[in-house]
Amino acid sequence: FDVFMRYVFGIVCSFGQAFNNAAFVRLCCASFFVFNGFQLVASFSYFIIVFHMFDGDYAATGSWPAWFSTISAFVTAFLVIPIVSWMANKWGKRKAFIISTVLSIFGYALKWYGFNPENPWLIFMPIPLMSFGIGGLFTLMLSMTADVCDLDELNNGMPRKEGTFAAIYWLMVKLGQALALILSGVVLKLVGFDAGVATQSVETMTNLRIADIIIPATTAALAILMMWNYDITEEKAHQIKEKLIERRGDI
């Protein structure tokens, strides 16, 4: 029993030290806002394509929603991630994250013009900018978490807490994802969307399109605010690594 209690106490202390790390809390909150703002409206694009662009005609809708998702994934993997990596090397991770998130906000705004019943091909117009949100998030955040682990080791010593930081980070993401799934249904209810009817009212679709833009753009803006004063610059991260190397050499 004593061994078990010491184990539990150690875990609690590790979690406490992690949450006392302001830089790590900023990373968690920024990830929560960007990823879960995106997740909250993820299903809305399908409904907008079906009911706004094709007036509830599933046959006419065809594979347009699938192509929208496929092109988004393709652009993120082969275009956005290399650009974000280049920006991080040139301007630093914090600036790269802020720039990427700002670009995603412009992408979300372009959805108002992209979901055009008269020209379905315009749905691909916002994708390159929108993809910077998720692409920038997961390209940069895990690398920034590694810098946080170094800072924690410098302040609190060994053992390192990569496992603790990773567990807390992904717990935040998963809890937010579950919350986003619940809230997406609430939003659909509030705008008056009814999947059981073939045609939605103009007011319903207008409100849904506004929510599809405003929600992820707002959460992205909150993420920028969280990261604005993130203080682990590339220079500071390098200095921390040098101090750790020097300390380890003395042991």
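Residue numbers here run from 1 along each chain, matching the order of that chain's written sequence. Only residues with pLDDT of 70 or above have their local features reported here, since the model is predicted, and side-chain atom pairs are shown and tallied only from 80 upward, although totals for entire chains, interfaces and linings are computed over all residues. Values reported for side chains reflect all heavy atoms of the structure, with hydrogen atoms and water molecules removed beforehand.

K.L.:
Please clarify how the packing of aromatic side chains should be interpreted in this entry.
P.N.:
How two aromatic rings sit relative to each other is given by the distance of their centres and the angle of their planes. Side-chain rings of Phe, Tyr and Trp, where Trp is taken by its six-membered ring, are said to pair if the distance between their centres is within 6.5 Å; with planes under 30 degrees apart they count as stacked, over 60 as edge-to-face, and otherwise as tilted. Using the criterion set out here, one finds 14 aromatic pairs in the structure. Ring centres of F51 and F193 lie 5.4 Å apart, and the angle between their planes is 80°; on these two criteria the pair is classed as edge-to-face. Here F51, found in helix α3 (residues 44–53), pairs with F193, found in the loop between α8 (162–191) and α9 (202–228); they are 142 residues apart in sequence, far enough to count as distant. For the residue pair F51 and F193, the accessibility class agrees, reading buried in each case. Among the aromatic residues, those joined into a ring-pair cluster are Y46, F47, F51, Y58 and F193. Helical segments are the DSSP runs of H or I of at least four residues, strand segments are the runs of E of at least two, and each set is numbered from the N terminus. The rule is simple: take the accessible area with a 1.4 Å probe, protein chains only, and divide by the maximum for that residue type; under 20% is buried, over 50% is exposed, in between is partly exposed.

K.L.:
Whenever I open this one, the layout of surface pockets confuses me. Can you help?
P.N.:
The method is simple in principle: a probe with the dimensions of a water molecule rolls over the atoms, and the space it marks as empty is what remains. Its volume calculated, the largest pocket comes out at about 320 Å³. Residue lining of the largest pocket: 18 residues in total, with F38, F68, S69, S72 and M130 positioned closest to the centre. Elements that contribute at least two residues to the lining of the largest pocket include exactly α3, α5 (64–91), α6 (93–114) and α7 (127–156). At five residues, the largest contribution of residues to the lining of the largest pocket is made by α5. Counted by class, the lining of the largest pocket contains eleven nonpolar, five polar and two charged residues. Cavities and pockets were defined on a 1 Å grid built from protein atoms only: a cavity is a group of points that admits a 1.4 Å probe but offers it no way out, a pocket is an open group of points flanked by protein on both sides within 12 Å along at least five of seven lines, and a lining residue is one with an atom within 4 Å of any such point. Grid points are joined across faces, edges and corners, and a volume is the space filled by probe spheres set on the points. Its boundaries defined by the atoms lining it, the second largest pocket holds a volume of some 160 Å³. Think of it as three bins: nonpolar holds Ala, Val, Leu, Ile, Met, Phe, Trp, Tyr, Cys and Pro, charged holds Asp, Glu, Lys and Arg, and polar takes everything else, Gly as well.

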